[in-house]
Every structure is written in structure tokens, then in C-alpha cells.
Amino acid sequence: MDLSRQEQPLYRELAERLRSELHRFAPGDYLPGELSLAARFSVNRHTLRRAVDELVREGRLLRQKGKGTRVLAQPLIYPMQAGSAYTASLSAQGHGVEAVLLDRRVRPASDAEARHLQLEPGSPLLELDTLRLIDEQPVSLIRHRYCASRGPLLADYRGGSLRSHLAAHGLTLSRAYSLIGARLPDTEEAQRLLMPRHAPLLTVLTLSQDLAGRPVELSYSTSRADCFEYQVAP
């Protein structure tokens, strides 16, 4: 008799039950011991272990030898639609979102920046660097670039959602397009985001436009890949 064939539906059913209960745990919490869980679900330890293996492979759990099995934080879903905004989208999911202004400067636009924003090469560019925290944890660095003529609209910006700040000053933006990539962080990025140098970053270059379709903002975000999944709307 092929016992694996008999147990396969059971361990998958058990994995689904465990998966549905993980929201009760905070990231970093330990699951109850295998013997305790096996007794609770009235299964043998082998079946329980196979169910846990499924969730380990999915990146939901982490086994630590001699310590137990820990619950891992799950990536946040960020919908990349024309009108989606970082702070509003993630706040709507029940997360505390904070944007901290790190730096502000004016410098000449590169040829690529000028092309995106329809400026003359070398035109003065206003650049703002922000750090985004979700539930008090640093997850993203974003560099925002505007034609320096937008400076008066941003003169009193000190932090928070830039989209909301501009909208409050009569400038509503929407996403024209985004280009998604991945790379490793440099030393400063790793320090800012409290992550190891060998862990990947997700990068997004986004061009945003006003209601008339004129390009206004070119942003470049670097986010911890373990914190985000981007949902691209059709």
C-alpha cells in the first residue's frame, strides 16, 4: 500500500488549515511544538511535519534547528495602477505608513532625466529623498525628481505623502508608467533599510503626470524584496 498517496490529501489539507491561521501570529512568533500541533489536529507527527514543510517552502515559516519554527512576515501587495499612491494604498491595508524627508537639493538634470520630464538637458532639477516606514520598519527609499519650477509647491514639504501634499496644492498626479527591476543594495541603502548586503532590492522607476498628461515627477524607489510584491493591473 502506498502510504504517501493516502497521506498527501491530508497533509495538504492540514497545510491549508495552518496557512489560514498564520494571521494570528506576529512575524517572529514561534509555532507550537510539533507534538502539540499533531495532537491538536489528530494527525501523526510525520503528517504534521509534511504540512509544515509546505509552508516552509512557501516562505511563510522558518525552521530553526534546536529552537522551533518561526512565522515570517509576508510581502505587502502594492497595486501598480495609474492612480495608486504608496501611502494611500498601504494605509488602506491597515498599515501605519510614514514618510521621512532625508534630503533636498537642486542639481542639473541628466540627459535621461530631462528626456523623461521633457526638459532641456542640464535644466535645474529639484530632488527629494524620502525614507518610507511601514509599521515603524524601514522598507523603501525613494528619490523624487521635479522640474525646479515646482519648487514653490514643495517648499513647505517636511514629510508624509508627496502625492497628497501636491494634491493639496492643486496638482493631482497619476502614474504614466513604471519600470520594475532588481539589484543588490549598496552600503548606505543596506544601512538605511536595516538589511544585509546580499539580500535583493526591488527597484521601480516611475513617471507620473498631471491631469493634462504633462510629465511632472520622475521617482526611483528601492524597496526590500522581502517586504513587497507588486500587483500590475491589466
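Residues numbered from 1 in each chain as written. Predicted model: local features only at pLDDT ≥ 70, side-chain atom pairs only at ≥ 80, totals over all residues. Heavy atoms only, no water.

Here's the deal with the nonpolar core
- Membership of the largest hydrophobic core comes to 15 residues, with the highest contact counts inside it found for Leu14, Leu18, Leu48 and Leu61.
- Those elements that provide at least two residues to this core are helix 1 (3-21), helix 2 (34-41) and helix 3 (45-57).
- Residues within four places of Leu48 in sequence aside, it is in contact with Leu14, Leu18, Glu34, Leu37, Ala38 and Val43. (Core = buried A, V, L, I, M, F, W, Y, C linked by side-chain atoms within 4.5 Å. Buried < 20%, exposed > 50% of the residue type's maximum accessible area, 1.4 Å probe, protein only. Helix = DSSP H or I, 4+ residues; strand = E, 2+ residues; numbered from the N terminus. Contact = heavy atoms within 4.5 Å.)

Digging into the pattern of salt bridges
- For the coordinates displayed, the defined rule picks out 18 salt bridges.
- Between Arg143 and Glu127 there is a salt bridge whose closest N-O contact spans 3.9 Å. Separated by 16 residues along the polypeptide, Arg143 in strand 6 (residues 137-147) and Glu127 in strand 5 (residues 124-134) bring together distant segments of the chain.
- Here Arg214 makes a salt bridge to Asp210, at a shortest N to O gap of 3.0 Å.
- Where salt bridges share partners, they join Asp103, Arg105, Arg107, Glu113, Glu127, Asp129, Arg143 and Arg145 into one cluster. (Salt bridge = Lys/Arg side-chain N within 4 Å of Asp/Glu carboxyl O.)

Re the confidence of the model for the protein
- When pLDDT is averaged across the protein, the result is 87; 88% of the residues are at 70 or more.
- Counting interchain partners and residues more than four positions distant, the pLDDT-below-50 stretch residues 1-7 has 6 contacts. (pLDDT = per-residue confidence, 0-100.)

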